[in-house]
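Listed below are the residues making up each chain.
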Amino acid sequence: MTRTLHARAALLDMDGTLVDSTAVVERLWLQWAEPHGIAPERVLSVVHGRQGHQSMAIMLPERDHAINLRENEQMLATESADVDGVIEIPGAAAFLEALQPYPHAIVTSANVPLMTARMTAAALAVPTIAVTAENVSASKPDPEGFLLGARLLGIDPADCVVFEDSGAGIQAAHAAGMRVVGVGPHAHAHEPTVAVADLRQVSITATADGFALEIG
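Note that this is a predicted model, so its numbers are computed, not measured.

A. Fine view of the sheet that holds strand β11 (residues 210-215). Across the sheet, which stays open at both edges, the three strands sit in the order β1-β11-β10 with antiparallel pairing between neighbours. Only two strands of the sheet have a single partner each, and these edge strands are β1 (3-7) and β10 (202-207). Here the strands of the sheet are splayed against their neighbours by 25° on average, with no regard to which way each runs. In terms of strand pairing, β1 meets β11 through five bridges, oriented antiparallel. For L5, the partnering residue across the bridge sits in β11 and is L213. Running at roughly 5° to β10, helix α5 (residues 92-99) makes contact with β10 and β11 of the sheet.

In structure tokens, the structure reads:
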């Protein structure tokens, strides 16, 4: 069954939405967690969609956050250097090409070097406007990143559609007052507006005041 969403701008998460980095994310975070005795299932339930220091704070709530900030910088550098297995989410390149005439931005918890490394590894062009870890004071599920993306594009949040895969990201988009296309096998559990297996299920057509997303 096809569903249509009308929008004036799109805001795109990166990991799990445009690039499949699951293998490297889970490998590196499980390595980080092992000395702390944190169960793998706990790690995997926390790390997706958030900035690293926020994930650390959730998993080690009693630890000085200054340590989290330092270790997060090390993790970002390690992640930027390790792109083994990072590939395009099916349909992402064609979807980004179809979005070119319309306002759109990437909104990611990665910093610029990590975003650039993973998008390059997946052979995807980075949108001209990007909101990264350097630009926000609060990690998803806080809506700050998506609201900043809308502001940079000059589009009302209600006229934006977010593409996200994680619970934290979908929660952030809803908090920003935006509709959400959930991408991937786990997104539907977090109650997006509509869910797709991947971006091959989304097509774009021009409308008088923006574009229509045909989903399904």
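B. Region of the structure containing the packing of aromatic side chains. For the structure shown, the criterion picks out three aromatic pairs. Aromatic pair W29 and W32: ring centres 5.3 Å apart, planes at 65°, arrangement edge-to-face. Here W29 pairs with W32, and both are found in helix α1 (residues 22-33), just three residues apart, close to one helical turn. A single burial state applies to W29 and to W32, both of which are buried. Look at Y102 and F211: their rings are 4.9 Å apart centre to centre, the planes differ by 45°, and that puts the pair in the tilted class. With Y102 in the loop between α5 and β5 (104-107) and F211 in strand β11, this residue pair connects regions lying 109 residues apart in the sequence.

C. Geometry of the pairing of β11. For β11, the buried fraction is high: five of the six residues fall into the buried class. Pairing analysis gives six bridges linking β10 to β11, with the strands arranged antiparallel. If you follow A206 over to β11, its bridge partner there is F211. Taking the residues that link successive antiparallel strands as the turn, the β10-β11 hairpin has two residues.

D. Representation of the environment of A23 in the model. Looking at the element boundaries, A23 is found in helix α1. For A23, a relative accessible area of 45% corresponds to the partly exposed category. As a C-alpha pair, A23 and D84 span 61 residues in sequence and 8.3 Å in three-dimensional space.

E. Structural view of the environment of P143. In this structure, P143 sits in the loop between β6 (130-131) and α7 (144-153). Here the alpha-carbon distance between P143 and V161, two residues 18 residues apart in the chain, equals 13 Å.

F. Region of the structure containing the nonpolar core. With 48 residues, the main nonpolar core has L18, W29, W32, F95, M119, F163 and L213 as its most contacted residues. The biggest single contributor to this core is α1, with six residues. Excluding anything up to four places from it in sequence, W32 contacts I38, M56, M59, L60, R63, E71 and M75. L11, L153, C160 and V180 belong to the second-largest nonpolar core, a separate cluster that totals 20 residues.

G. Molecular detail of the pattern of salt bridges. Within the structure shown, the criterion is met by eight salt bridges. Between R118 and D15 there is a salt bridge whose closest N-O contact spans 3.0 Å. In this pair, R118 sits in helix α6 (residues 112-121) while D15 sits in the loop between β2 (9-12) and β3 (19-20), placing the two residues 103 residues apart along the sequence. With its nearest N and O atoms 3.1 Å apart, the salt bridge here joins E71 to R63. Taken together, the shared-partner salt bridges connect D13, K140 and E164 into one network.

Parameters at a glance
- Residues numbered from 1 in each chain as written.
- Predicted model: local features only at pLDDT ≥ 70, side-chain atom pairs only at ≥ 80, totals over all residues.
- Heavy atoms only, no water.
- Pairing = 2+ DSSP bridges.
- Helix = DSSP H or I, 4+ residues; strand = E, 2+ residues; numbered from the N terminus.
- Axes fitted to C-alpha atoms, helices over the stretch in contact; angles between N-to-C directions.
- Contact = heavy atoms within 4.5 Å.
- Phe/Tyr/Trp six-rings, centres within 6.5 Å; stacked < 30°, edge-to-face > 60°.
- Buried < 20%, exposed > 50% of the residue type's maximum accessible area, 1.4 Å probe, protein only.
- Core = buried A, V, L, I, M, F, W, Y, C linked by side-chain atoms within 4.5 Å.
- Salt bridge = Lys/Arg side-chain N within 4 Å of Asp/Glu carboxyl O.

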